[in-house]
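Listed below are the residues making up each chain.
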Number of protein chains: 2
Amino acid sequence: MQNQPLLLSSLLQHASRFHGDVEIVSRFAEGPIHRQTYGSAARRARKLADTLRQLGIVQGDRVGTLAWNTHRHFEIEYAVTGMGAVWHAINPRLLPAQIHYIAAHAEDKVLFIEPSFVPMVEKLAGELPTVELFVVLADRAAMLSTTIPNVRSYEDLVDEGDENFTWPSFDELSASSLFYTSGTTGNPKGVLYSHRSDVLHCLSICSASFGGLTALDAVLPMTPMFHANGAWGFTHAAPMVGAKLVLPGPKLDAASIGDLIEAEEVTVTAGVPVLYARLLQHFEAEGRGAGSLRRIVVAGSAPALSLIEGFERMGVSVCHVWGMTETSPAATFPEPSGKTARLAADAQLKRKAGQGHPMYGVDIKIADENGNELPRDGVSVGRLMVRGPWVTSGYFRDESPLLEDGWFNTGDLAVMDNDHHIRLTDRAKDVIKSGGEWISSIDVENLTVSCPGVADAALIGIPHPQWEERPLLLIVPAASNPATAASIYAFLEGKIAKWWLPDDIIFVEALVYGATGKVQKMELRRRYARHYLAWKPAMPSSEKQQTE
Amino acid sequence: MQNQPLLLSSLLQHASRFHGDVEIVSRFAEGPIHRQTYGSAARRARKLADTLRQLGIVQGDRVGTLAWNTHRHFEIEYAVTGMGAVWHAINPRLLPAQIHYIAAHAEDKVLFIEPSFVPMVEKLAGELPTVELFVVLADRAAMLSTTIPNVRSYEDLVDEGDENFTWPSFDELSASSLFYTSGTTGNPKGVLYSHRSDVLHCLSICSASFGGLTALDAVLPMTPMFHANGAWGFTHAAPMVGAKLVLPGPKLDAASIGDLIEAEEVTVTAGVPVLYARLLQHFEAEGRGAGSLRRIVVAGSAPALSLIEGFERMGVSVCHVWGMTETSPAATFPEPSGKTARLAADAQLKRKAGQGHPMYGVDIKIADENGNELPRDGVSVGRLMVRGPWVTSGYFRDESPLLEDGWFNTGDLAVMDNDHHIRLTDRAKDVIKSGGEWISSIDVENLTVSCPGVADAALIGIPHPQWEERPLLLIVPAASNPATAASIYAFLEGKIAKWWLPDDIIFVEALVYGATGKVQKMELRRRYARHYLAWKPAMPSSEKQQTE
C-alpha cells in the first residue's frame, strides 16, 4: 500500500480539489458577513504559508493566535500546520498574565491578533522576547496606529505570498498544534497534537455514529477554535466531508446565532450547554422551531435533561460528547445501540446526559488506585483512565511522566454499567467526602438545574466538624419565578439519598467561571471554607445521615 | 500524543470490550443458524491464534482460506491478522488450476477449507509443497475421511489454544491480508494490504457520508470475504461501530437472503448488482416491501437506474461505490452534496449510477497519456488515476514498478464533471474505437438493461473492415416478454448517438462471467471476432456514422 503521511494539509487539499465551491461563511466582529469557498481559502492559506516561509518560519516553530472563529483564523490554522509549523491558539478570555505565561512558555515566534486585542497586546508585547512579528487580523487600511513593534496587517501577508506554494510532506508524527488546558491548579499545561492524531480524530468524529457530518451539512462551531483542536476538530471535519462551514466570530448570543442558523441553513452546531440553554430559550420565545438545525453536538459539561428534551421536541437530535483537551478532545458519547434503543424514553433520555461509550480508537477503563479495572456494575466508582492514538502522552516542555502503564488518568471519577456506558460522578478534586462516603456533586447539580426557578447550581464540599465535609449548594436563581430554599428541598427530596441533601443553600448572583467556562469550584470552596464552622443547622446533619 | 499502531486486532478488541454482547449470526451451508457475540468471537480468535503460534506460524507467514462468509471465516481473519500473519483469502469459484497457482505463488503455510471443497483440495494437495497443514472448517465429529495429508478439524485447533493469548503489537505497515485480482490477462496478481491501510479504509467507510453504519445496524455482506478486504471491509466496519454482523454462508439466492433480512432485522447489505436485481424481484414478488432494510451498498459494477429506483421506491437508500482490489476497495461514490441535492429527481438518479466523488483519503485525476489532469467538463475522456494511503503501490512478489509519478493507473477510462463527479466510460481494454472515435460500452449497456425484456447485455467492439471496430450487442433476453432486436433498436434510438447504435444484435442464453462475477469481454471478443467480417448489414454502418 502507498504509505502517505496523514497531514492536516490533506484535509484542505481534499476540500479544495473536490468540494472547491463549498462556502466558508464568516461573520466579522462588526457584523458583516464574509463569504469564500474552500478553493479560495486553500489559495489564501498557501499564500500565507509562503509569506511565513519567506519570513523565516520553519517546521516546529510555534505561531500563536488570539482570535475568534473567522475565515482568517481558519486560514492561519491550515497555513501554519500545513507548512509544518505549530499552530498555538491562545484563549483571549484568559487574564493578560496567563496569556503572557502561555505565549512565553510556547515561545511563539509570530502572534496573530484580532484588532480588538491590540490594546491588551500593547501592554504585553515588550515582555514577549520570542515574538518576532505581530500580525493584526485586518487589511492595511484598517490597521490601527499602535505601539506594538514589528506589526503587519494580515492581508498584506496574504498578498505577499505565492499561491503556487505546495504543501510539504513530512512525518505525520510532527506536531500540528498546541492548546493549553485551563488548569485550575498550577500553571496552564500545553497539550501538543500531531498531524496523525488530528487526522485520526477527525476520521473518527466523521463517523455516522458520532457527528454524522456529510457534504449535505452546514456546520456552525460556537466552540471557539482556541479550545481543543480547532473547535473540537470541527474545522477539520467540515473540509474532510465537504460540509459548508459557518464561523460566527465573537458574537455568540442566542439571537446572533439564531440569525446565522436561519440565514445560512445551518444543520449542525457544536457548543457548551450554557450557550445551548440560551439558544433553546430563544427558539422557544420566537416560536418558529429550530429551522434547518438537525443535530447539536454538546460538550464541555453534561447537558441538563431539560436541554436535551427541549431540542428533541424541536426535532433536533442531541449528541453529547465527553472529552478533554488531553483527548483531542472527543473520547466518549452516549451512542445508541440495538439494546439501548429498546429502553423506555426516559431511560434513553437519561443515557444521553451520561458520558457514554468510547468511540473506536479510544480505550477506557474505570480503575482502582492500582489500575485494576472495576466491575461494570453501574455503582463501582473509580478513576477514569483513557488511552489511544489521540490521547496525550505528556505535556509540552514537561518531563514528568504522565501515563500509568500506558493509560492517561483523566482526573475524573466515573462508573461504568453493563452496557459499557460510563457516567462521571465527579472530578476527583471536586469530590465531596461525607462520613467516609462519596457524594456526587455532578448528580446533585444535574438534578438541581432541572428544578423550576433555578438558573445554575454548584454543589461543593465544605469542611464540617463532624462529617469531614458536607455539601453546600450554591444557587443562581432564575430571573422570573425564582426558586426558594424550601422549593429546592421539596424538589430534591426523594430523588437523592437523604444524606446527599445539602445542609444549607446559598443564593448568589453568579457562580465563578474560569476562562474556558468551567465553574471554579476551588475558588468557591475557598470562599465558603468556614461556612459550616460558623453555621447552625435547622436539623443536625448527623440526623440526616443516620436516617438514610 | 500516544503513538499506538493501527492494527486490525484493535477492531475486534474494541468490539469485544465495548460491544461484547452484540451478535455475529452465521448460516451454515446446510441451513442452520449459528449465533455468537463479539465477546465469544474474540475469545475463539485468540485461542485459534495461540494454536497457530504453537504450530510455528510467525509474523508474515501466509495463511490461506477457501471459505464462505461464516463466523469461522471471521474468526480466522482476526486470528491470522491479529497475530501478525497474513490472511490470504482465495476465491473458491476459480478453476482448480488458478487456485493452485495462487496458493503456490502466495506460499501459503496453512490452508483452511470448507468441507465441500475437500474433494477439490484432495486433487491439489500434493502440488502445494508449502502448505504444512490443512484445516477443515468443521468439528471433529463432522470430519470426513479424506486423502488430504496433515489435516485437522477447525474446532480442534480452537480448543487447543489459550484464550489468554494477547494480541501482539507491531508495525502498522506490516502486511495484513492478500487478495488476488481476477486478472483477465496473464496470471492473477496479489494485492497485499497493510494493517494501517485496512484501519484507515475502515474509518473512512464508517463515515456518515458513506456506509453510514452505527451500532444500531445489522449488516449482511453478500459480498464474499474472499473479495477485496474481507467483504469490502464490512467485516472490519461492523466491529468498529459495534453493528450486528449477519454472515450468509454460501446461499446467496434471493429467497435465502430475504429470509435472513427478515429474521435478523438486517438494515444494511453489501453486494453486486446481479444479486440485488434478484433481491428486488423477490421483494416485489412477495409484496411485503424491504422490511428493516434501510441502505444497500452496491459495487462491483454500476447498478442499473431501474435497480436504484426499485429499491428507493421501497424506502431503501442506494450507496453505489466504485473501487477495485487495488484500492482496498472503496474509492469513490456518488456522494450527494448541497449542490447536487437541488437537482431534479431524474438527474439525481442518474448521478447515483455514476462512480461519483472520491472519499477523503483518495485522490483521483482523469489524466491524458502524459499524466496531465484533463478539464472537469464531463466530456474529456482520460485515464482514471488514483493515489492514497489505501491504494496499492505494487503487486505481491512483482518487482515491476506500478505507479506513474505516485499515481496508480486503474485501467479505466472516465470523465469528470464540474461537480467533481466521475463517470467511467470504459475499461481501457474494453473500449470500442469506431472511425477514430470512442464508444462507451458502459453507457450503452446501462441503457440497454433498462429496456423492457432485457435481462443482461454486453457491448463489445469487433473488428470491422471499414471502421476499425464496430459495436456488437449481446443480449440475454428476459424469461417473460423477451425483447426483440426491433424493440431494442426502437428503445435505443434517440437516446444515444446514431453511430453508437450496434450494427447487429445477437441473442444469447448467458454472457461469459469470470469467477468474480465480471463479464469476460476478452472471451466474448474472441468468440465473435470474425462476426462483422462475415456479416451483411441491413444498412451500411458507414451511412449511420455519416448521418450523425
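Quick caveat: nothing in here was measured; it's all calculated off a predicted structure.

Visitor: Sorry, what's going on with the side chain of S197(A) here?
Guide: Note that S197(A) resides in helix α7 (residues 195–205). In contact with S197(A), not counting residues within four places along its chain, are P389(A), W390(A) and M1(B).

Visitor: How should I be thinking about the relation of the copies chain A and chain B in this particular structure?
Guide: Two chain copies here: they are related by a rotation about an axis and a translation along the same axis. Aligned on chain B, chain A shows an RMSD of 0.1 Å; the corresponding rotation is 180° and the shift along the axis is 0.0 Å. Interpreted geometrically, this transformation is the action of a two-fold axis. The overlap is high: 100% of the interface residues of chain A also sit at the interface in chain B, so the same surface is used on both sides.

Visitor: Could you clarify how one ought to interpret helix α15 (residues 485–492) of chain A in this entry?
Guide: The α-helix winds at 3.6 residues per turn, so residues separated by three or four positions along the chain end up facing the same way. All names here are of chain A. All buried positions along α15 are accounted for by I488, Y489, F491 and L492. End-on, the buried residues of α15 take up no more than an arc of 160°, which puts them together on one face. Set apart from the buried face of α15 by more than 90 degrees, the exposed residues are A486 and A490. Buried residues belonging to α15 abut α14 (441–448), β24 (454–464), β25 (468–477) and β26 (504–507). In the segment just after α15, G494 is the residue with positive phi, at about 90°.

Visitor: I would appreciate a short explanation of the interface of chain A and chain B in the present structure.
Guide: By a frequent convention, interface size equals the accessible area lost on bringing the separate parts together. Counting from both sides, the interface comprises 70 residues of chain A and, opposite them, 70 residues of chain B. The contact between chain A and chain B buries some 4900 Å² in all, and 55% of this surface belongs to carbon and sulfur atoms. It is M1(A), Q2(A) and Y360(A) that lose the most area in chain A upon contact with chain B, and together they represent 21% of the buried surface on that side. Residue R17(A) is joined to E373(B) by a salt bridge in which the shortest nitrogen-to-oxygen separation is 3.2 Å. Scanning the region where chain A abuts chain B turns up 30 residue pairs in polar contact (both at pLDDT 80 or more). Of all the secondary-structure elements, those providing two or more residues to the side of chain A that touches chain B are α1 (9–18), β9 (189–194), α7, α9 (234–241), β17 (357–358), β18 (363–367), β19 (382–387) and β20 (408–416) of chain A.

Visitor: Any chance you could explain the pairing of strand β20 (residues 408–416) of chain B here in plain terms?
Guide: For a regular strand, side chains alternate in direction, first toward one face of the sheet and then toward the other. Residue and element names in this part refer to chain B. Among the nine residues that make up β20, eight are buried, leaving the element largely enclosed by the rest of the structure. Looking at chain direction, strand β19 (residues 382–387) and β20 are connected through four bridges and run antiparallel. The residue of β20 that forms the bridge with G382 is A414. Inspection of the sheet shows β20 paired to strand β21 (residues 422–427) by five bridges, in the antiparallel sense. Paired with V415 across the strands is R423, a residue of β21. The hairpin formed by β20 and β21 contains five residues between the paired strands, and H420 there has a positive phi angle of roughly 70°.

Visitor: Quick question: what am I supposed to make of the sheet that holds β21(B) here?
Guide: Pairing between the strands of a sheet comes from backbone hydrogen bonds, and it takes one of two forms, parallel or antiparallel. Pairing is antiparallel across the open sheet formed by four strands, whose spatial order is β18-β19-β20-β21 (chain B). The sheet is open, and its two edges are formed by β18 (363–367) and β21 of chain B, each paired on a single side. The average angle at which neighbouring strand axes cross in this sheet is 45°, direction not considered. As paired strands, β18(B) and β19(B) are joined by five bridges and run antiparallel to one another. Bridge pairing links I364(B) to V386(B) in β19(B). Lying over the sheet, α1(A) contacts β18 and β20 of chain B, oriented at roughly 40° with respect to β18(B).

Visitor: Just to check I follow, could you spell out the packing of α1(A) against helix α2 (residues 38–54) of chain A for this structure?
Guide: Relative placement of two packed helices is described by the angle separating their axes and the distance separating the axes. All names here are of chain A. As a packed pair, α1 and α2 sit with axes 8 Å apart at the nearest point and diverge in direction by 135°. Taken as axis vectors, α1 and α2 run oblique relative to one another. Pair α1 / α2 crosses with left-handed handedness. The segment α1 lies against α2, with L12, A15 and S16 engaging Y38, G39, A41, A42 and A45. Residue composition of the contact of α1 with α2, grouped by class: six nonpolar, two polar and no charged.

Visitor: How should the confidence of the model for chain A be read in this particular structure?
Guide: When pLDDT is low, close inspection of the predicted coordinates is not appropriate. All names here are of chain A. The predicted model of chain A averages 92 in pLDDT, with 97% of residues at 70 or higher. Low confidence marks residues 542–548, where pLDDT is under 50. Its contacts with residues over four positions away, or in another chain, come to 16 contacts. Both confidence scores are given for the complex: pTM 0.88, ipTM 0.88.

Visitor: Honestly, the environment of L48(A) in this entry has me stumped. Any pointers?
Guide: Residue and element names in this part refer to chain A. Checked against the element boundaries, L48 lands in helix α2. Remark: the alpha-carbon pair of L48 and D162, spanning 114 residues in sequence, is separated by 8.1 Å. Non-local contacts of L48, meaning those with residues more than four positions away in its chain, are made with E75, I76, A79, F112, Y154, L157 and V158.

Visitor: Where do I start with the environment of E437(B) in this structure?
Guide: Residues and elements named next belong to chain B. Here E437 lies in strand β23 (residues 437–439). Taking the C-alpha atoms as reference points, E437 and E469, separated by 32 residues in sequence, lie 9.9 Å from one another. Once you skip the residues sitting within four places of it in the chain, E437 turns out to touch I432 and W499.

Visitor: Would you take a moment to explain the sheet that holds strand β16 (residues 330–333) of chain A for this structure?
Guide: All names here are of chain A. What the three strands build is an open sheet, ordered β15-β16-β17; its pairing is antiparallel. Looking at strand neighbours, the two that pair on one side only are β15 (322–323) and β17, the edges of this open sheet. One ladder, built from two bridges, connects β15 with β16; its direction is antiparallel. Each bridged residue has a counterpart across the sheet, and for W322 the counterpart in β16 is T332.

What counts and how
Numbering of residues starts from 1 in every chain and runs along the sequence as written. The naming scheme follows written order: chains are lettered A onward, ligands numbered 1 onward. The predicted nature of this model means local features are confined to residues of pLDDT at least 70 and side-chain atom pairs, given and counted, to a pLDDT of 80 or more, with totals for whole chains, interfaces and linings taken over all residues. Each side-chain value is worked out from all heavy atoms of the structure, with water and hydrogens disregarded. Labels follow the DSSP assignment, with helices taken as runs of H or I lasting at least four residues and strands as runs of E lasting at least two, numbered in each case from the N terminus. For this analysis, residues touch if any pair of their heavy atoms sits within 4.5 Å. Fitting of the copies onto one another was done by least squares over C-alpha atoms, counting residues only where both copies have pLDDT of at least 70. Only protein chains enter the area calculation, which uses a 1.4 Å probe; residues under 20% of their type maximum are buried, those over 50% are exposed, and those in between are partly exposed. In this context, the arc is that of the directions from the helix axis out to the C-beta atoms. Here's the idea: put two parts together, see how much 1.4 Å probe accessible area each one loses, and the total over both is what we call buried area. Whenever a carboxyl oxygen of Asp or Glu lies within 4 Å of a side-chain nitrogen of Lys or Arg, that contact is scored as a salt bridge. Within 3.5 Å is the distance limit for a polar contact, defined as a pair of N or O atoms, with the added protein rule that one can donate a hydrogen and the other accept it, and that residues adjacent in sequence qualify only through two side-chain atoms. Only strands joined by at least two bridges in the DSSP assignment are considered to pair. Inter-axis angles, ranging from 0 to 180 degrees, are taken between N-to-C directions of lines fitted to C-alpha atoms, where helices are fitted over the stretch in contact. In what follows, roughly perpendicular refers to angles from 65 to 115 degrees, roughly parallel to angles under 35, roughly antiparallel to angles over 145, and oblique to any angle outside these ranges. Should the near helix be turned anticlockwise from the far one by less than a right angle, the crossing is left-handed, and should it be turned clockwise, the crossing is right-handed. Residue polarity is assigned by list, with Asp, Glu, Lys and Arg as charged and Ala, Val, Leu, Ile, Met, Phe, Trp, Tyr, Cys and Pro as nonpolar; anything else, Gly included, falls into the polar class. As a per-residue measure, pLDDT tells how confident the predictor is, with possible values from 0 to 100.

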